[in-house]
Amino acid sequence: MLVIHGGPDWDHTYLREPLSKLAGTHRLVMPDLRGCGGSTRGLSDDQYTPDTAVNDLIVLMDTIGVDQADVLGFSYGGLLGQRLALAAPHRVRSLILASTTVKAVPADAFDDWPDAVDRRTAQARVWSNPHLVGPELTRAAAVAAAPANLWCHEILPAYLRRLESVRFSAEWLRPLRAGILPQAVLEHAVPRLTALAIPTLFLHGRYDMTFPALFVQQAADMIPSASAKILEAAGHMAHIDQPDTWLAAVSQFLD
């Protein structure tokens, strides 16, 4: 299983649990994207793009001798997973799109959801803070976003401890703020994924405040090879809100 983390200026470590429990039955490959974690940093801004990241993943599969993999992409990684499936469909045995989307989220997507607006406010304040830069900004934004990313607030302290071990960067932030980072969301994603006919699972939290669950259900209904598992009492970090249920959905799909 090839696991593609999100962020993108995070690393893969926040996804290790509960996925590590699959290590007995699957070979888990959990790389850090370029510019992230332990991977190469300091590239020019134009080298941080969805397509270069996808090319890296294909080269990685070649290098470690993996002809075909089940691919799990989380959040931004789910957008890269879709692009990987289109770029090299023969390399993707199945596709799990976790806490992600197939279409751009409009600015007013959460306007009718007051709780989401309230929880997202702290993160917005951090991004607009002129005194925070680089990895310090990325980390502060992740911490500020925690109440929006989790639905079950009793596990917030444990989640914050998990964030402490994430190696944040700000490599992708530079081209984003410079306005040169290409859009990761695919144009005409639904018909293009339909044409691939790759078994696909959309795995999502009901109360995801990053990508609306409604978008996921609509996409799954339109793609014949896809199904959706919407987890109750879970937000964007559904694998942390409901780890056992989330992992069971992954395992059942792979079986």
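Refer to the structure presented above.
Keep in mind that what you see is a predicted model, and the values were worked out from it rather than measured. (Residues numbered from 1 in each chain as written. Predicted model: local features only at pLDDT ≥ 70, side-chain atom pairs only at ≥ 80, totals over all residues. Heavy atoms only, no water.)

A. Quick peek at the overall build of the protein chain. A tally of regular secondary structure across the protein chain gives 11 helices and 5 strands. Its C-alpha atoms give the protein chain a radius of gyration of 17 Å, near enough to 18 Å, the size a compact globule of 255 residues would have. C-alpha extents for the protein chain along the principal axes are approximately 45 × 40 × 35 Å. In the protein chain, the proportion of contacts linking residues at least 24 apart, taken out of those at least 6 apart, comes to 74%. (Helix = DSSP H or I, 4+ residues; strand = E, 2+ residues; numbered from the N terminus. Rg over C-alpha atoms; globule rule 2.2 N^0.38 Å. Contact = heavy atoms within 4.5 Å.)

B. Fine view of the packing of helix 2 (residues 50–63) against helix 3 (residues 76–87). It is at 9 Å that the axes of helix 2 and helix 3 come closest, and there the two elements cross at 65°. In terms of axis orientation, helix 2 runs roughly perpendicular to helix 3. Here helix 2 runs over helix 3; the crossing is right-handed. In this structure, helix 2 uses Pro50, Asp51, Ala53, Val54 and Ile58 to contact helix 3, whose residues at the interface are Tyr76, Leu80, Arg83, Leu84 and Ala87. In terms of residue class, the contact of helix 2 with helix 3 is made up of 8 nonpolar, no polar and 2 charged. (Axes fitted to C-alpha atoms, helices over the stretch in contact; angles between N-to-C directions. Parallel < 35°, antiparallel > 145°, perpendicular 65-115°, else oblique. Left-handed = near helix turned anticlockwise from the far one by under 90°. Nonpolar A, V, L, I, M, F, W, Y, C, P; charged D, E, K, R; others polar.)

C. The arrangement of helix 3 in detail. Taking 1.5 Å per residue as the helical rise, helix 3 with its 12 residues ought to reach 16 Å, and the 17 Å between its terminal C-alpha atoms agrees with that figure. Within helix 3, 10 of the 12 residues are buried, leaving the element largely enclosed by the surrounding structure. For helix 3, every residue scored as buried is listed here: Tyr76, Gly77, Gly78, Leu79, Leu80, Gly81, Gln82, Arg83, Leu84 and Ala85. Where the residues of helix 3 are buried, they touch strand 1 (2–4), helix 2, strand 2 (69–74), strand 3 (92–98) and helix 8 (189–196). (Expected span 1.5 Å × (residues − 1). Buried < 20%, exposed > 50% of the residue type's maximum accessible area, 1.4 Å probe, protein only.)

D. Fine view of the pairing of strand 2. Extensive coverage of strand 2 is indicated by the burial of 6 of its 6 residues. Neither face of strand 2 is exposed, since Ala69, Val71 and Gly73 on one face and Asp70, Leu72 and Phe74 on the opposite face are all buried. Alignment of strand 2 against strand 3, held across 6 bridges, turns out to be parallel. Of the residues in strand 3, the one forming a bridge with Leu72 is Ile96. The β-α-β motif built from strand 2, the intervening helix 3 and the parallel element strand 3 has right-handed crossover chirality. (Pairing = 2+ DSSP bridges. Right-handed = clockwise from strand over helix to strand, strands pointing away.)

E. Quick look at the packing of aromatic side chains. Enumeration according to the criterion identifies 8 aromatic pairs in this entry. For the pair Tyr76 and Trp172, a centre-to-centre distance of 5.9 Å together with 70° between the ring planes defines the contact as edge-to-face. Here the residue Tyr76 occupies a position in helix 3, and Trp172 occupies one in the loop between helix 6 (156–164) and helix 7 (173–178), the gap between them amounting to 96 residues. For Tyr76, a relative accessible area of 12% puts it in the buried group. When the centroid spacing of 6.0 Å and the interplanar angle of 45° are considered together, the rings of Phe110 and Trp113 count as tilted. Each member of the aromatic cluster is reached from another via a ring pair, and the members are Trp10, Tyr14, Phe74 and Phe168. (Phe/Tyr/Trp six-rings, centres within 6.5 Å; stacked < 30°, edge-to-face > 60°.)

F. Geometry of the sheet that holds strand 3. Spatially, the 5 strands line up as an open sheet ordered 1-2-3-4-5, and their pairing is parallel. Whereas interior strands pair on both sides, the edge strands pair on one side only; in this sheet they are strand 1 and strand 5 (226–231). Across the sheet, the mean angle separating the axes of adjacent strands is 15° when strand polarity is ignored. Note that strand 3 and strand 4 (residues 200–205) share 4 bridges and pair parallel. Each bridged residue has a counterpart across the sheet, and for Leu95 the counterpart in strand 4 is Thr200.

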